[in-house]
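A structural walkthrough
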Amino acid sequence: MFRDLKLGIRTAFRSPGYSVVAIVTMALAIGANTLLFSIANPLVVRPLPIGDPDSLGWIRQTNGPLGVTIGRTSMPDFRDFRAHSRSFTSLAAREMGAGTLIGHGDPRRVTLARVTANLPTVWGLSPVRGRLFLEGEDSVGRAPVGVMSHRFWREVFNEDPTVLGRTFSLDGETLTLVGVMDPKIEFGNLVDIDLWVPLPIDLSRARDERTLSLMGTLAPGVTVAAADVEMKALSARLAQTYPATNADWTLTVLPTREAITGGDTWVILGLMSVVVVFVLLIACASLANLARARLVGRNQDLAVRKSLGATRMQLIRPLVGESLVLGLVGGAVGLLVALGGLKFINAIAFEPFFKTLAIDQYVLVFNLGLSIITPLLFSVWPALGQSRGVASDSLRGGRVKGSRAGRRKGSVLIVSQVAMALSLLVVSALAVQSMWNIRNTPLGMDVNRVLTFSVELPENRFPGDAERARFARRMTESLETIPGVDAAALASHLPVFNAEVQRRFTGTNNDGIREGEEPWAAWYAVSSRFFETTGIPMVAGRSIEATDTADRQAVAVMNRTAATRYFTAPASAVGRTIQLTGGSAAPRAVTIVGVVEDTRNDDLTGVNPQIYVPFEQSPSSTIRGVLSAGVPETRIADVRRVVRDLDATLAIAEPKSLAQIVNEDMSSMRIINAVFVSFAGLALLLAAAGLYGVIAFTVGQRHQEFGVRLALGAEPGTIRSMVLREGLKVSAIGVVIGLGLAWGLAIASSSAMYGISPNDPLTYVGVTVTVVVIAVLAVWIPATRAMRVDPITALRAD
């Protein structure tokens, strides 16, 4: 076998053209496959870093009329579910947030995971240092403790074990660090967590303040489906008991894998799987074509070996050695290509999922095995059939018989290659247009001139509305003094860029789009000059002004969609009084004083009704600052100085321009689309190379035939036209099949597309023209070579 391997290496060096093409084909296929497996592995293959994922049920609260499909739960609802559910032995909750940590250098803004004390037990987590939470540490009034993520412990404290037991200030409260979380839990968006702290079971929170993610341990013998039935019944009971806050809200229980991987993610993964399978099949077809051409060239060699008494196994073994050499080299190159691709993705990505992608040992072993098996199958298998037909006339230089049947097999492979390449190009073109549509959808705000940041006001130092409003007023005035700032304002949260908070109201021309449905809107508290700062135009009436304070008439501004839906026209809404409900505040009468243009909702797919109230009439502990400037990123240092001068214990978080946020949010989509386009381009390249190879091989086999035709008076142009016709006929069949395949894939992935129809005719026509042009180019070269055959030389060949 070692002798055969050495022979394989020598043979590969003697045929550099064949070897390079085979290695490149193999490398591209293995690289593409490795890249996909590395992306899919954390989601669907790698064991989750949770004790027993199959024993958990993940609870989502949804609302059909409001279009909420992945909703969260409020604290009072959680209390009721925990008290009455029999499907779960333990229910836990998690709420993401942020805080200011003081006690180690400058005040530091940290990302918090507020969790019930039983969540580590439900998830099966363990510390690498210290301890996790004890029972009762999530009670209201208990001194808070914190568990650091391993990343935070390493980056901030250099893995100093003496930090455990030390006290710090978190949002004005004393916090004791008691443990370090296992780094295995740092996957996906959990990578961003700095500190895990107890979530106080505060039943005074509003029932429609839905901020909690729920999960629980299923009771013995209870399935996810059974738990889903019970939780739906519980949510229906709450909707009857609390119709003002729970009408139309229901629960869905999901298994772990489905809960952590969204519906669109499964569509994208499925589509990427199809893409990689197609690329592999196209590569395999190319290898099969190469093998056929290679065997024809070695027919005399095989015949000599057979005449000297070689057995079939002895005929095959040198081919096995050569295939192993080419496969291993191609696989190694492919793995290096995939590694380079992943490093590039890590470097340009903003989402934690893409920043932590890597090739693990299982993916490595699988693809190395694939790089060995694939060339063996598609190189050695044809040789088994060829070895049966090796005849003595090969010793005399005779042509291989049955070339027409061989051409038919090559034609089938080319049809499949063209069909798969075209279908991938169509889907990739649709995906790119979808991303382009999202990227260029008007958001309704001036993203290029606006800087945003957030500040969290500690409740122990800013306990009431008056204190929060006073600080907000001072901060707005200070921000406007920064040189180069055109305008500044504050908000509880931002449209487009933050999750919506929804409120219901009555008092419209149409109190219910359908029977039983109350008018609703996404709710925001904003200061004066907010619309001017963010570039949201006024449509009717006036804006929110500095005089709209807590002691004045409660007012609000609607967006165009809300005014049109509930009052028929923007002008009709101005001056109307509505009864606004929701949140921890009591229902109150609010007068509509103005209407502004729409902004997109938080997933950019549409426009929801929106209502803006004065910040001083509804101040919050979380403040989102905005300011407009020519180059907003250059004002970050000034913003830090302003906040530090106002209160040295506060820290700002996420100071970014809106344009930067948009760019980061689009990064994962750009990466996925780049993968699609790269794979589709690779498929087209391999298909074109395969078409060229088959036609060139056919021309070589018909060398004598063309010589005879030319000797009998055929025009060279006729020979070229004949070869072109045969090559394009095969390509046309592949195009027709590919269009049908592309339509099926486009329909299957339509849920992940935006602003583009899966039946878009321009896309299909454009891709078809591209494939036909490439096919013409691939056939033109060997067809031109055929017309230049010298009749005398061809007739002397045999």
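Rules behind the numbers
- Residues numbered from 1 in each chain as written.
- Predicted model: local features only at pLDDT ≥ 70, side-chain atom pairs only at ≥ 80, totals over all residues.
- Heavy atoms only, no water.
- Helix = DSSP H or I, 4+ residues; strand = E, 2+ residues; numbered from the N terminus.
- Buried < 20%, exposed > 50% of the residue type's maximum accessible area, 1.4 Å probe, protein only.
- Contact = heavy atoms within 4.5 Å.
- Areas by Shrake-Rupley, 256 points an atom, 1.4 Å probe, with all protein chains shown as cover.
- Lys, Arg positive; Asp, Glu negative; His and termini not counted.
- Charge placed at Lys NZ, Arg CZ, Asp CG, Glu CD.
- Axes fitted to C-alpha atoms, helices over the stretch in contact; angles between N-to-C directions.
- Parallel < 35°, antiparallel > 145°, perpendicular 65-115°, else oblique.
- Left-handed = near helix turned anticlockwise from the far one by under 90°.
- Nonpolar A, V, L, I, M, F, W, Y, C, P; charged D, E, K, R; others polar.
- Patch = residues over 30% accessible without salt bridge, like charges linked within 9 Å, V, L, I, M, F, W, Y side chains within 5 Å.
- Salt bridge = Lys/Arg side-chain N within 4 Å of Asp/Glu carboxyl O.
- Pairing = 2+ DSSP bridges.
- Phe/Tyr/Trp six-rings, centres within 6.5 Å; stacked < 30°, edge-to-face > 60°.
- Arc of directions from axis to C-beta.
- Polar contact = N/O pair within 3.5 Å; in protein donor to acceptor, adjacent residues only side chain to side chain.
- Core = buried A, V, L, I, M, F, W, Y, C linked by side-chain atoms within 4.5 Å.
- pLDDT = per-residue confidence, 0-100.

**Some thoughts on the overall build of the protein chain**
Of the regular secondary structure elements, the protein chain holds 24 helices and 22 strands. Principal-axis analysis of the C-alpha atoms gives the protein chain an extent of 105 × 60 × 55 Å. Looking at the 798 residues of the protein chain, the share that counts as buried comes to 52%. The long-range fraction of contacts in the protein chain, counting pairs at least 24 apart against all pairs at least 6 apart in sequence, stands at 80%. Of the roughly 34,800 Å² of accessible surface on the protein chain, 59% is carried by carbon and sulfur atoms. One way to put it: in the protein chain the 77 positive side-chain charges average out to a point 14 Å from where the 67 negative ones average out.

**Details of the packing of helix H15 (residues 465–479) against helix H19 (residues 636–646)**
For the pair H15 and H19, interaxial distance at closest approach is 10 Å and the crossing angle is 140°. With respect to H19, the element H15 is oriented oblique. In this structure, H15 meets H19 at a crossing whose hand is right-handed. Contact residues: H15 offers Phe471, Arg474, Met475, Ser478 and Leu479, while H19 offers Val639, Val642, Val643 and Leu646.

**Notes on the packing of helix H3 (residues 75–84) against helix H6 (residues 224–241)**
Put simply, H3 and H6 touch, their axes get as near as 11 Å, and they point 130° apart. Taken as axis vectors, H3 and H6 run oblique relative to one another. Where H3 crosses over H6, the two elements pack in a sense that is right-handed. Here Asp77, Asp80, Phe81 and His84 of H3 come into contact with H6, specifically with Glu230, Met231, Leu234, Ser235 and Leu238. Across the contact of H3 with H6, the residue classes break down as four nonpolar, two polar and three charged.

**Structural notes on a nonpolar patch on the surface**
On the surface, a nonpolar cluster with roughly 350 Å² of combined accessible area is contributed by Val765, Val769, Val773 and Leu777. Along the chain, Val765 turns up in helix H23 (residues 761–787).

**Quick word on the pairing of strand S7 (residues 167–170)**
Side chains of S7 alternate between two faces, with Phe168 and Leu170 buried and Thr167 and Ser169 left unburied. Here strand S3 (residues 88–102) runs beside S7; their pairing, made up of two bridges, is antiparallel. Within S7, the residue paired with Ile102 across the bridge is Ser169. As defined by bridge partners, S7 adjoins strand S8 (residues 173–181) across four bridges and the pair is classed as antiparallel. Residue Thr167 lies in a different strand from S8, and its bridge partner there is Thr176. Hairpin connection between S7 and S8: a loop of two residues separates the two successive antiparallel strands, and Asp171 in this loop has a positive phi of roughly 55°.

**Focus: the packing of aromatic side chains**
Counting across every chain of the model gives 11 aromatic pairs. Measuring from ring centre to ring centre gives 6.0 Å for Phe152 and Phe157, while their planes differ by 75°; the resulting arrangement is edge-to-face. A single burial state applies to Phe152 and to Phe157, both of which are buried. On the basis of an interplanar angle of 40° and a centroid distance of 6.3 Å, the ring pair of Phe530 and Tyr612 is categorised as tilted.

**Structural notes on the environment of Ser667**
With respect to the secondary-structure elements, Ser667 resides in helix H20 (residues 658–701). Along the backbone, Ser667 and Ala349 are 318 residues apart, and their C-alpha atoms lie at a distance of 6.0 Å.

**Structural notes on unusual backbone geometry**
For Glu159, which is not glycine, the phi dihedral falls at a positive 55°. For Glu159, the position within the fold is in the loop between helix H5 (150–157) and S7. Unlike most non-glycine residues, Asp171 shows phi in positive territory, near 55°. Among the structural elements, Asp171 can be located in the loop between S7 and S8.

**Let's talk about the pairing of strand S18 (residues 577–581)**
Only one face of S18 is covered, namely the one carrying Ile578 and Leu580; the face carrying Thr577, Gln579 and Thr581 has none of its residues buried. Bridging between strand S14 (residues 502–506) and S18 involves three bridges; their strand directions are antiparallel. Bridge pairing links Phe505 to Leu580 in S18. In terms of strand pairing, S18 meets strand S19 (residues 588–596) through four bridges, oriented antiparallel. The partner of Gln579 across the bridge, within S19, is Ala589.

**A short note on helix H21 (residues 703–711)**
Among the residues making up H21, those that are buried are Phe706, Gly707 and Leu710. Burial along H21 is one-sided: seen end-on, the buried residues are contained in an arc of 105°. Downstream of H21 by a residue or two, Gly713 has a phi angle that is positive, lying close to 105°.

**Focus on the pattern of salt bridges**
All told, the structure shown has 23 salt bridges when counted by the stated rule. For Arg207, the salt bridge goes to Asp77, with nearest N and O atoms at 2.6 Å. Taken together, the positions of Arg207 in the loop between strand S9 (195–198) and strand S10 (213–218) and Asp77 in helix H3 put the pair 130 residues apart, joining distant regions of the chain. Judged by its relative accessible area of 12%, Arg207 is buried. A single salt-bridge network, built from bridges that share partners, covers Asp77, Arg79, Asp80 and Arg207.

**Concerning H3**
Regarding H3, the residues found buried are Met75, Pro76, Asp77, Phe78, Asp80 and Phe81. Buried residues belonging to H3 abut strand S1 (56–63), S3, S10, H6, helix H7 (243–246) and strand S11 (249–254). A distance of 3.4 Å separates the backbone nitrogen of Asp77 from a side-chain oxygen at the start of H3, and that oxygen is part of Ser74.

**Observations concerning the nonpolar core**
Within soluble globular proteins, side chains that are nonpolar generally end up buried alongside one another. Of all hydrophobic cores here, the largest spans 77 residues; its most connected members are Val279, Phe354, Phe679, Phe706 and Val771. When sequence neighbours within four positions are dropped, the list of residues in contact with Phe354 reads Ile345, Asn346, Ala349, Ser668, Ile671 and Ile672.

**Points about the confidence of the model for the protein chain**
The share of residues in the protein chain with pLDDT of 70 or more is 91%, and the mean pLDDT across the chain is 84. The low-confidence segment residues 391–402 (pLDDT under 50) makes 21 contacts with residues lying over four places distant or belonging to another chain.

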